[in-house]
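Secondary and tertiary structure notes
Read off the chains here:
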Protein chains: 2
Amino acid sequence: MSGTFFVVGVGPGDPELLTLKAARVIGAAPVVAWFAKAGRAGHAHRTACGMIAPAAERLAFDYPFTTEIDAGSEHYRTEMAAFYDVCAGHCAQRLESGRDIALLCEGDPFFYGSAMYLFDRLGPRFPTDIVPGITGMSGCWSRAMLPMAHGDDTFIVLPGTLDEDTLSRRLLGDHAAVVMKLGRNMPKVRAALDRAGRADRAVCVVQGTMAGERIMPLCEVNGAEIPYFAMVLVPGRAASR
Amino acid sequence: MSGTFFVVGVGPGDPELLTLKAARVIGAAPVVAWFAKAGRAGHAHRTACGMIAPAAERLAFDYPFTTEIDAGSEHYRTEMAAFYDVCAGHCAQRLESGRDIALLCEGDPFFYGSAMYLFDRLGPRFPTDIVPGITGMSGCWSRAMLPMAHGDDTFIVLPGTLDEDTLSRRLLGDHAAVVMKLGRNMPKVRAALDRAGRADRAVCVVQGTMAGERIMPLCEVNGAEIPYFAMVLVPGRAASR
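Conventions used here
- Residues numbered from 1 in each chain as written.
- Chains lettered and ligands numbered in written order.
- Predicted model: local features only at pLDDT ≥ 70, side-chain atom pairs only at ≥ 80, totals over all residues.
- Heavy atoms only, no water.
- Helix = DSSP H or I, 4+ residues; strand = E, 2+ residues; numbered from the N terminus.
- Rg over C-alpha atoms; globule rule 2.2 N^0.38 Å.
- Buried < 20%, exposed > 50% of the residue type's maximum accessible area, 1.4 Å probe, protein only.
- Contact = heavy atoms within 4.5 Å.
- Lys, Arg positive; Asp, Glu negative; His and termini not counted.
- Charge placed at Lys NZ, Arg CZ, Asp CG, Glu CD.
- Disulfide = S-S within 2.5 Å.
- Buried area = accessible area lost by both parts, 1.4 Å probe.
- Salt bridge = Lys/Arg side-chain N within 4 Å of Asp/Glu carboxyl O.
- Least-squares fit on C-alpha atoms with pLDDT ≥ 70 in both.
- Core = buried A, V, L, I, M, F, W, Y, C linked by side-chain atoms within 4.5 Å.
- Axes fitted to C-alpha atoms, helices over the stretch in contact; angles between N-to-C directions.
- Parallel < 35°, antiparallel > 145°, perpendicular 65-115°, else oblique.
- Left-handed = near helix turned anticlockwise from the far one by under 90°.
- Nonpolar A, V, L, I, M, F, W, Y, C, P; charged D, E, K, R; others polar.
- Pairing = 2+ DSSP bridges.

1. As for the overall build of chain A
- Check the secondary structure of chain A and you find 7 helices and 10 strands.
- Radius of gyration (C-alpha) of chain A: 19 Å, near the 18 Å computed for a compact globule of 241 residues.
- With the C-alpha coordinates of chain A rotated into their principal frame, the extents come out at 55 × 45 × 30 Å.
- Within chain A, the fraction of its 241 residues that count as buried is 56%.
- Look at the contacts in chain A between residues 6 or more apart in sequence, and 72% of them connect residues 24 or more apart.
- Where the 24 positive side-chain charges of chain A centre and where its 26 negative ones centre are 1 Å apart.

See the structure below:
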């Protein structure tokens, strides 16, 4: 009997935003794994570490890259595929011996999460359960007190890595929008919001729900350094009725 | 000292998908409120009822409309505004007397939730805390085991109430997409997915995470009756690396 592969969303960062199911699954897991930048504790681990059983085996999977690089390059793709193969191998070994694994994921596992690459490799071979999590964006707009999508609004999430023309074209209109992956893309994102006429209601959130949280109207960001894992929120149609 | 207005997301339907914070806030609230169709228990209440303190006052706000009607009509807008005014009045009375209220919301409060209309009315007057919830769509794609958005994917949520041309134009491409508000819009949504060439990987989920859950590839839906509160999921670029 093989173990079960639990893919567990731990939410945006506040440990109280784990679900009851996530807390139960993590507390019961004999093996707990997570991704992290080399030398870092990892956001997902930091969020959920209070739930892990003292006797559980801990597997930290350190990403091979530590800075923003071109995710479309052949070098990146090859290295990352090899990395995920190794991680899947470590997991498979435990699952084959009958031990359950809880893989901790920031936010929601199937919404821009690295966990999907292990799910692709392990899902077809082992019993699998996906535990959804609060997305980072839900955490951010709740803290910013910014109602986002109403009634018949369209809602769109754009990576800040898109070029400025594409960004500004897709931001045009009155739909609700989230722009992720800021960092060095921030000046371009800001220009695109200006061109689309969406800058005035936009809000920038850094470290939403966590210590160090910053919530700023876009017009007050000015030259402030904005990290990669931050987001700009643009609410949809005004709610008032 | 007035009470605090807690706007609490209860997630997609499985009571174990409440957050630890939602469970704490609901359990401690002297007043618990929720929206429901007239004569129904209400999804949000059904999901969270096990958490409510026995002595808590319960306020069920029954929507004035029970069927799909034109949300753009003047009649609908006027009636709904009056309804939300009355609900806000009931809440304000309790808050003014120093009692906290937990307003239960399906999914995430600021993502297509009626709670936003009470937030607009009460947020400026009373201390307010927004507790994010697992969205219905996260619940659905987790149960369907369907990784949705990867890397630099764009992600879009479309209401099925849009016209077929707009729907098919916005579905075009390789981004991840969710179409909500199905019901009588289903044949149109299906035609739009076909025209955009997105039908083959689309999955329809009814009652995701709840009793009565149904998960079907779109091609197997055929003439099946699909309720309004169901969704079609179209995953982004293939994940495999």
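2. Describing the state of the cysteines
Residue and element names in this part refer to chain B.
- Applying the stated criterion across every chain, the model contains 0 disulfides over all chains.
- Take Cys49: it sits in no disulfide, and the sulfur closest to it among the cysteines is that of Cys105, at 16 Å.
- You can call Cys49 partly exposed: its relative accessible area is 37%.

3. So, the interface of chain A and chain B
- On the chain B side, the residues contacting the 58 residues of chain A number 58 residues.
- Taken over both partners, the interface formed by chain A and chain B buries close to 4,900 Å², and the fraction arising from carbon and sulfur atoms is 60%.
- Where chain A packs against chain B, one counts 4 salt bridges.
- Linking A:Glu16 and B:Arg24 is a salt bridge whose minimum nitrogen-to-oxygen distance equals 2.5 Å.

4. Looking at the environment of A:Val203
- Note on placement: A:Val203 falls in strand β8 (residues 203-206).
- Contact partners of A:Val203, with chain neighbours within four places excluded, come to A:Ala144, A:Leu146, A:Ile215, A:Met216, A:Pro217, A:Leu218, A:Met231, A:Val232 and A:Leu233.

5. Some details on the relation of the copies chain A and chain B
- The transformation that overlays chain A on chain B combines an axial shift of 0.0 Å with a rotation of 180°, and the residual RMSD is 0.0 Å. Expressed as a symmetry operation, the mapping of one chain copy onto the other fits a two-fold axis.
- When the interface residues of chain A are mapped onto chain B, 100% of them again fall at the interface, so both copies present the same face.

6. Details of helix α1 (residues 20-28) of chain B
- Listing the buried residues of α1(B) in full gives B:Lys21, B:Ala22, B:Ala23, B:Val25 and B:Ile26.
- For α1(B), the secondary structure elements touched by its buried residues are α1 (20-28) of chain A together with β1 (5-9), β2 (31-37), α2 (43-48), β4 (101-105) and β5 (128-131) of chain B.

7. Quick word on the nonpolar core
- A:Leu118, A:Phe155, B:Leu118 and B:Phe155 are the most contacted members of the largest nonpolar core, which totals 94 residues.
- Setting aside anything within four residues of it in sequence, one finds B:Leu118 in contact with B:Phe5, B:Phe35, B:Phe61, B:Tyr84, B:Cys87, B:Ala88, B:Cys91, B:Leu103 and B:Gly123.
- Grouped together as the second largest cluster of nonpolar side chains are 48 residues, A:Leu158, A:Ala196, A:Val234 and B:Ala192 included.

8. Thoughts on the packing of helix α6 (residues 164-171) of chain A against helix α7 (residues 186-195) of chain A
Residue and element names in this part refer to chain A.
- Here α6 crosses α7 at 40°, and the two axes come no closer than 8 Å. One way to sum up the angle between α6 and α7 is to call them oblique. Seen along the crossing, α6 lies across α7 with a hand that is right-handed. Within the contact between the two elements, α6 uses Glu164, Asp165, Leu167, Ser168 and Leu171 and α7 uses Lys188, Val189, Ala191, Ala192, Leu193 and Arg195.
- Counted by class, the contact of α6 with α7 contains 6 nonpolar, 1 polar and 4 charged residues.

9. Quick notes on unusual backbone geometry
- The backbone phi angle of A:Met145 is positive, close to 55°, even though this residue is not glycine.
- In this structure, A:Met145 sits in the loop between α5 (136-143) and β6 (155-159).
- Overall, the relative accessible area of 31% leaves A:Met145 in the partly exposed class.
- Positive phi, normally seen in glycine, also occurs at B:Tyr112, with a value near 60°.
- A relative accessible area of 19% means that B:Tyr112 is categorised as buried.

10. Structural notes on the sheet that holds β1(B)
Residue and element names in this part refer to chain B.
- The parallel open sheet is built from 5 strands, whose spatial order is β3-β2-β4-β1-β5. Whereas interior strands pair on both sides, the edge strands pair on one side only; in this sheet they are β3 (57-63) and β5. The average undirected angle you get between the axes of adjacent strands in this sheet is 20°.
- Note: β2 against β3, 7 bridges, orientation parallel. For Ala36, the partnering residue across the bridge sits in β3 and is Asp62.

11. Section: the packing of helix α3 (residues 74-96) of chain B against helix α4 (residues 115-122) of chain B
Residues and elements named next belong to chain B.
- One can describe the packing of α3 onto α4 by two numbers: an axis separation of 9 Å at closest approach and a directional angle of 60°. Classed by the angle they form, the pair α3 and α4 counts as oblique. You can see that α3 and α4 cross each other, and the crossing is right-handed. Residues Ala81, Tyr84, Asp85, Cys87, Ala88, Cys91 and Ala92 of α3 form the contact with α4, whose own contacting residues are Tyr117, Leu118, Arg121 and Leu122.
- Its residues assigned to classes, the contact of α3 with α4 shows 9 nonpolar, no polar and 2 charged.

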